[in-house]
Amino acid sequence: PAPTNPGKTFEYRIMPYGEAHLLLIARDITRVSQLEEMRKDFVANVSHELRTPLTVLHGYLELLPADEQENPFQAKAINEMAAQTQRMQNLVEDLLVLSRIEASSERIYENIVDMPAMFRQMEAEAQALNKDKHHTITFHIDNALKVFGVETELRSACSNLVFNAVHYTPAGGQIDVYWKADNEGARFMVVDNGDGIAQNHLARLTERFYRVDKARSRKTGGSGLGLSIVKHVLTHHNSRLEIASTVGQGSEFSFLLSQELIAGT
Ligand code: ADP
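Going by the annotation in an unreviewed UniProt entry, the name recorded for the chain is Phosphate regulon sensor protein PhoR, with Salinimonas iocasae given as the source organism. Recorded under Function (unreviewed entry), the UniProt text for the chain is reproduced unchanged: "Member of the two-component regulatory system PhoR/PhoB involved in the phosphate regulon genes expression. PhoR may function as a membrane-associated protein kinase that phosphorylates PhoB in response to environmental signals." The UniProt entry for the chain carries this comment under Subcellular location (unreviewed entry): "Cell membrane".

*Asks:* What's the story with the side chain of Gln-89 in this structure? I'm lost.
*Replies:* Within the secondary structure layout, Gln-89 lies in helix H2 (residues 72-103). Classification of Gln-89 as buried rests on a relative accessible area of 17%. Among all residues touching Gln-89, those that are not within four sequence positions of it are Leu-54, Thr-55 and His-58.

*Asks:* Sorry if this is basic, but what is going on with the site of the ligand here?
*Replies:* Around the ligand sit 18 residues in total, of which Asn-164, Tyr-168, Asp-192, Gly-224 and Leu-227 are the nearest. Take Asp-192: an N or O atom from its side chain is 2.9 Å from a nitrogen atom of the ligand. For the ligand, an oxygen atom lies 3.3 Å from a polar atom in the backbone of Val-212. Calculation on the ligand without its partners gives an accessible area of 530 Å², and the protein chains cover 96% of this total. Taking a 2 Å distance to the grid points as the criterion, the majority of the atoms of the ligand fall inside the largest pocket. When residues of the shell around the ligand are traced back to their parent elements, those giving at least two are helix H4 (151-168), helix H7 (226-236) and strand S9 (250-258). Among the elements that line the shell around the ligand, the one with the most residues is H4, at three residues.

*Asks:* Hey, could you run me through H2 in this one?
*Replies:* Helical periodicity: at 3.6 residues per turn, an α-helix aligns residues three or four positions apart in one direction. For H2, with 32 residues, the first-to-last C-alpha span of 47 Å sits near the 46 Å given by 1.5 Å per residue. Of the surrounding secondary structure, the elements contacted by the buried residues of H2 are helix H1 (30-63), H4 and H7.

*Asks:* Any chance you could explain the pattern of salt bridges here in plain terms?
*Replies:* Side chains that differ in sign of charge can pair as their charged atoms come close. Scanning the entire structure with this criterion turns up eleven salt bridges. A salt bridge links Asp-28 to Lys-8; the shortest N-O distance between them is 3.2 Å. One end of the pair, Asp-28, is in strand S2 (residues 21-28); the other, Lys-8, is in the segment before strand S1 (10-17), with 20 residues separating them in the sequence. Take Asp-28: its relative accessible area is 39%, and that puts it in the partly exposed class. Lys-40 is the salt-bridge partner of Glu-37, the closest N and O atoms lying 3.9 Å from each other. Of this pair, Glu-37 and Lys-40 both sit in helix H1, three residues apart, roughly one helical turn. According to the relative accessible area criterion, Glu-37 is partly exposed, its value standing at 43%.

The rules behind the values
Residues numbered from 1 in each chain as written. Predicted model: local features only at pLDDT ≥ 70, side-chain atom pairs only at ≥ 80, totals over all residues. Heavy atoms only, no water. UniProt positions renumbered as here; feature names shortened; annotations may be inferred. Helix = DSSP H or I, 4+ residues; strand = E, 2+ residues; numbered from the N terminus. Buried < 20%, exposed > 50% of the residue type's maximum accessible area, 1.4 Å probe, protein only. Contact = heavy atoms within 4.5 Å. Near = heavy atom within 4 Å. Polar contact = N/O pair within 3.5 Å; in protein donor to acceptor, adjacent residues only side chain to side chain. Areas by Shrake-Rupley, 256 points an atom, 1.4 Å probe, with all protein chains shown as cover. 1 Å grid on protein atoms, 1.4 Å probe; cavity = no way out; pocket = protein on both sides within 12 Å on 5 of 7 lines; lining within 4 Å. Sits in = over half its atoms within 2 Å of the grid points. Expected span 1.5 Å × (residues − 1). Salt bridge = Lys/Arg side-chain N within 4 Å of Asp/Glu carboxyl O.

In structure tokens, the structure reads:
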């Protein structure tokens, strides 16, 4: 058993030492984990405090008359300010979601998530988002496959992956969403035939605020936090995000929930 020391946090490593011994290395990471906790609290608090002023700003901007005929400059300024405050609101909401997931102690085995019902809703939302893109979006869903997990988190992870495919695939693309059981567990997968992502970006894609093409991503209104949220949700569900992508051909984002999480098929 690892030695205990109240109020201290240690990281342990065990290594072979000579022929017949093991070496236990304990590193005191108390300070590092305290700083990490402070960072999380700070981000959560700032995001929470920014929410109200942004809602007020955006609300008033929506009410201001933006008549292009009467005053084109004013109309342009108001519309641009409304769009930018909307972006800030999205960012703050995503930061709050991320903070909530990082702090989540919700047990994953306590609730059954009706994933097929969730996908039916998501399909309607994806089609609404698809208005100007004219993709062919097809959901291939195993209608009986339910899992243990945290519903809000799984919804957030899956919708981020589906909506990313809609955003980052040039108009008229093909997007397929799969939810099915195989002999390892339940697999969720989104396949698009968009521009794909170069190999050198893949490892960093789930970092906070990491974007492949900053200018283009900004236009889509994303916060750069989507895949970071996905990563945290999946860690909480003992899974991880798998990405396969070929430039010019498309991307495949998927994850596997293990057999123990399957609640019904
Ligand atoms: P964002 O808010 O910018 O969408 P994400 O964390 O969701 O942030 O995604 C990070 C970056 O990964 C995006 O900015 C985009 O460059 C890239 N990306 C995500 N999904 C896809 C996809 N399906 N096809 C191509 N690029 C993608």
